[in-house]
Amino acid sequence: MPIILSIVLAGLIGEIVFELYAWFVSPVLFGVVLQPSNLVIAITSKLTGMQISKTVAFPVHFLIGSLGFGLFVYATRLIMPARVWLTGFISGLILWFVAQGMLAPFIGRSFMMDFGTYTQSSFVGHVGMTLLMAHLLAVFLSRFEGKTGLNRPAAEPTTLQGQQ
């Protein structure tokens, strides 16, 4: 349970920060609003022929971003037990490449969307989100490890003077 709770909390916080970045910071820095729900709409249409609304696509992406990316960062941590920032950076780099280098071309856009401002902002968003998730995972897991009942008993057995 502590691992699952840590993944969910880190993923949820990371995804909320990503959405805040996408809607409010990216337009100021790069002049574009990141809208990954459009990617969900296009993939769904291509695979199923169904057209879904942004009202459906946004929560789908939010779930993928919070739970899926949180789990991916945790898996990267297990596979590559490196420093927290490196784990976060590698996770973000991979997820950014999947979004811009694989999924964008899958729906008919150019590879890495020609490395334009959207792709640059997407890099900052993905890597920033996974750096935060990796850090939060480390904090949450270390906090849970210190709690009684999870990995440690309530009190260490002690021996009284004269008893062995």
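The structure displayed is predicted, hence computed values, not measured ones.

(A) How the structure looks around the overall build of the chain. Along the chain, the regular secondary structure elements total five helices and zero strands. Beginning at the N terminus, the succession of helices and strands in the chain can be written as α-α-α-α-α. The burial tally for the chain puts 35% of its 164 residues in the buried class. In the chain, the proportion of contacts linking residues at least 24 apart, taken out of those at least 6 apart, comes to 63%. Summed over its atoms, the accessible surface of the chain is roughly 9,700 Å², and 70% of this surface lies on carbon and sulfur atoms.

(B) Examining the side chain of Thr76 more closely. Tracing the chain through its elements places Thr76 in helix H3 (residues 54-79). You can call Thr76 buried: its relative accessible area is 9%. With residues near it in sequence (within four places) discarded, Thr76 still touches Thr87, Ile90 and Ser91.

(C) Inspection of unusual backbone geometry at higher detail. Not every positive phi belongs to a glycine, and Met113 is a case in point at roughly 45°. Checked against the element boundaries, Met113 lands in the loop between helix H4 (84-106) and helix H5 (117-145). Positive phi, normally seen in glycine, also occurs at Phe115, with a value near 55°.

(D) Expanded view of the packing of helix H2 (residues 37-48) against H4. In the contact formed by H2 and H4, the axes pass within 9 Å of each other and the chain directions differ by 45°. Here H2 is positioned oblique relative to H4, judged by the angle of their axes. Regarding H2 and H4, the two cross each other, and that crossing is left-handed. Where H2 abuts H4, its residues Leu39, Ile43, Lys46 and Leu47 lie against Ala99, Leu103, Ala104 and Phe106.

Definitions and limits used
Residues numbered from 1 in each chain as written. Predicted model: local features only at pLDDT ≥ 70, side-chain atom pairs only at ≥ 80, totals over all residues. Heavy atoms only, no water. Helix = DSSP H or I, 4+ residues; strand = E, 2+ residues; numbered from the N terminus. Buried < 20%, exposed > 50% of the residue type's maximum accessible area, 1.4 Å probe, protein only. Contact = heavy atoms within 4.5 Å. Areas by Shrake-Rupley, 256 points an atom, 1.4 Å probe, with all protein chains shown as cover. Axes fitted to C-alpha atoms, helices over the stretch in contact; angles between N-to-C directions. Parallel < 35°, antiparallel > 145°, perpendicular 65-115°, else oblique. Left-handed = near helix turned anticlockwise from the far one by under 90°.

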